[in-house]
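Here's the letter readout for the chains.
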Amino acid sequence: MDQKDLTVQKALNNNVIIATHPTYQEVVLIGKGIGFNKKKGDTVSFDSADKTFLLKGQQEKEQYMQLLTHIDPNIISFMNDMLVYIEERMDQRLNEYIHIALTDHIAFAINRVNKEIQFNNPFLFEIESLYPKEFQIASEVVQKVKEELDVDFPRGEIGFIALHIHSAVTDRSVRELRKNHTLISQMITVIEDHLEINLQKGNADYNRLIQHLHRAIDRVYQGEKLGKQKSLENVLKQTYPLCYNLAWKLIKVMQKQLNRPVDETEVLYLTIHLQRLTDKI
């Protein structure tokens, strides 16, 4: 058998085949009409597929097969096109699991719209600020859903789709990303209560703050140290005691929620960001 010829294991529909690859074992081949009249044991050219992805285990295979049995084939076909589009727009490979996760999410979101179920996204501003490229591409996907499937998603869906895209390019789970956004939301509430202010979502100061909090969380996961700044610590502690104490409170929230140690030098950079906020009040 030619390395470019694969053995058909199952034609899931006219556009999707599960085949056996001599090196990668089970692969999914996606392409217009690629599964038409194909049966088990037939050969199909690897190059005939518009898109391929691996099924990395039995659980992933079962999840994908299950998707295909309960989701409208038009949505499956549309999502196959969208995933090719997203990968081209991001200009990088996506984690293969997005084929299952985002397809399932879009199908569920369409069902919500059809049943007129309201569903808000509390992290919309944060997601747009933190992942602008993913957010832009997600907004394009939402527009294509409207044009091609005649479903008008609420704006909050852009944020959820952007999270799935970011998850697929960073190999971090959507669950972990949502956990981080929940933590940022908690810290924003602590800041507002402590400083007795209402931060305006979407403005430059707010965006800078959440981006800093997001990077601080990333540094905690990576165990990154910022280095000692003893002289700066003494100045900030004496000059801005309110913000310095608030910064320590935020560090303790991070430690509790992430269950990891936080570099004490983070307090100094947080203090400076918080002081900038108080200067604008």
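Residues numbered from 1 in each chain as written. Predicted model: local features only at pLDDT ≥ 70, side-chain atom pairs only at ≥ 80, totals over all residues. Heavy atoms only, no water.

Asks: Account for the pattern of salt bridges, with residues named and values stated.
Replies: Using the criterion set out here, one finds nine salt bridges in the structure. Put simply, glutamate 176 and arginine 172 hold a salt bridge, and the shortest N to O gap is 2.9 Å. Of the charged contacts, one joins arginine 219 and glutamate 266 as a salt bridge, the two residues approaching to 2.6 Å between their closest N and O atoms. Of this pair, arginine 219 sits in helix H8 (residues 204-222) while glutamate 266 sits in helix H11 (residues 266-280), and the two are 47 residues apart along the sequence. The pair formed by arginine 219 and glutamate 266 is uniform in burial state, with each residue classed as buried. The network of salt bridges with shared partners includes Arg172, Glu176 and Asp218. (Salt bridge = Lys/Arg side-chain N within 4 Å of Asp/Glu carboxyl O. Helix = DSSP H or I, 4+ residues; strand = E, 2+ residues; numbered from the N terminus. Buried < 20%, exposed > 50% of the residue type's maximum accessible area, 1.4 Å probe, protein only.)

Asks: Before we move on, could you go through helix H6 (residues 156-170) and cite the residues and values that matter?
Replies: For H6, with 15 residues, the first-to-last C-alpha span of 22 Å sits near the 21 Å given by 1.5 Å per residue. Judged by how many residues are buried, H6 sits mostly within the fold: 14 of 15 residues are covered. Aspartate 171 occupies a position one or two residues after H6 and carries a positive phi of about 60 degrees. (Expected span 1.5 Å × (residues − 1).)

Asks: Describe the packing of helix H2 (residues 73-90) against helix H3 (residues 98-114), listing the residues and the values that go with them.
Replies: Two elements in contact, H2 and H3, have axes separated by 10 Å at closest approach and are oriented at 125 degrees. Viewed along their axes, H2 and H3 adopt a mutual orientation that is oblique. Judged by the sense of rotation from one axis to the other, the crossing of H2 with H3 is right-handed. Within the contact between the two elements, H2 uses Ile75, Ile76, Met79, Leu83 and Ile86 and H3 uses Ile98, His99, Leu102, Thr103, Ile106 and Ile110. (Axes fitted to C-alpha atoms, helices over the stretch in contact; angles between N-to-C directions. Parallel < 35°, antiparallel > 145°, perpendicular 65-115°, else oblique. Left-handed = near helix turned anticlockwise from the far one by under 90°. Contact = heavy atoms within 4.5 Å.)

Asks: Hey, could you go over unusual backbone geometry for me, with residue numbers and the actual values?
Replies: Of note, the phi angle at aspartate 171 is positive, near 60 degrees, even though the residue is not glycine. A positive phi angle, near 55 degrees, is found at asparagine 259, a position not held by glycine. Among the secondary structure elements, asparagine 259 is positioned in the loop between helix H10 (241-258) and H11. Residue asparagine 259 is classed as exposed on the basis of its relative accessible area of 69%.

Asks: Quick rundown of the side chain of histidine 212? Include the residues and the values.
Replies: With respect to the helices and strands, the residue histidine 212 is situated in helix H8. Overall, histidine 212 belongs to the buried group, its relative accessible area being 5%. One polar contact links histidine 212 to histidine 273, side chain to side chain, over a distance of 3.4 Å. Residues contacting histidine 212, with those up to four places away along its chain left out, are Arg219, Glu266, Tyr269, Leu270 and His273. (Polar contact = N/O pair within 3.5 Å; in protein donor to acceptor, adjacent residues only side chain to side chain.)

Asks: So what about the sheet that holds strand S4 (residues 43-45)? Which residues, and what values?
Replies: Backbone-to-backbone hydrogen bonds join strands into a sheet, with any given pair of strands oriented parallel or antiparallel. Spatial strand order, S4-S1-S2-S3-S5: five strands in an open sheet with antiparallel pairing. Each edge of the open sheet is held by one strand with a lone partner, namely S4 and strand S5 (51-54). Pairs of neighbouring strands in the sheet enclose a mean axial angle of 40 degrees, with direction left out of account. (Pairing = 2+ DSSP bridges.)

Asks: Can you tell me about the packing of helix H7 (residues 174-195) against H8, naming the residues and giving the values?
Replies: The geometry of H7 relative to H8 is characterised by a closest axis approach of 10 Å and an angle of 125 degrees between their N-to-C directions. As the angle between them shows, H7 and H8 are arranged oblique. You can see that H7 and H8 cross each other, and the crossing is right-handed. Taking contact as the criterion, the partners of Glu176, Lys179, Asn180, Leu183, Ile184, Met187, Ile188 and Ile191 in H7 are, on H8, Tyr206, Leu209, Ile210, Leu213, His214, Ile217 and Tyr221. Residue composition of the contact of H7 with H8, grouped by class: eleven nonpolar, two polar and two charged. (Nonpolar A, V, L, I, M, F, W, Y, C, P; charged D, E, K, R; others polar.)

Asks: Could you give me a rundown of H7, with the residues and numbers involved?
Replies: Residues three or four positions apart in an α-helix share a direction because the helix packs 3.6 residues into each turn. The end-to-end C-alpha separation of H7 is 31 Å, in line with the 32 Å expected for 22 residues at 1.5 Å each. All buried positions along H7 are accounted for by Val174, Leu177, Asn180, His181, Leu183, Ile184, Met187, Ile188, Ile191, Glu192 and Leu195. Just downstream of H7, glutamate 196 is the residue with a positive phi angle, here 55 degrees.

Asks: Tell me about the packing of aromatic side chains, and name the residues and values.
Replies: Overall, the coordinates contain zero aromatic pairs when judged by the stated rule. Over the ring of tyrosine 85 we find lysine 144; its NZ or CZ atom is 4.6 Å from the centre of that ring. (Phe/Tyr/Trp six-rings, centres within 6.5 Å; stacked < 30°, edge-to-face > 60°. Lys NZ or Arg CZ within 6 Å of the ring centre and 35° of its normal.)

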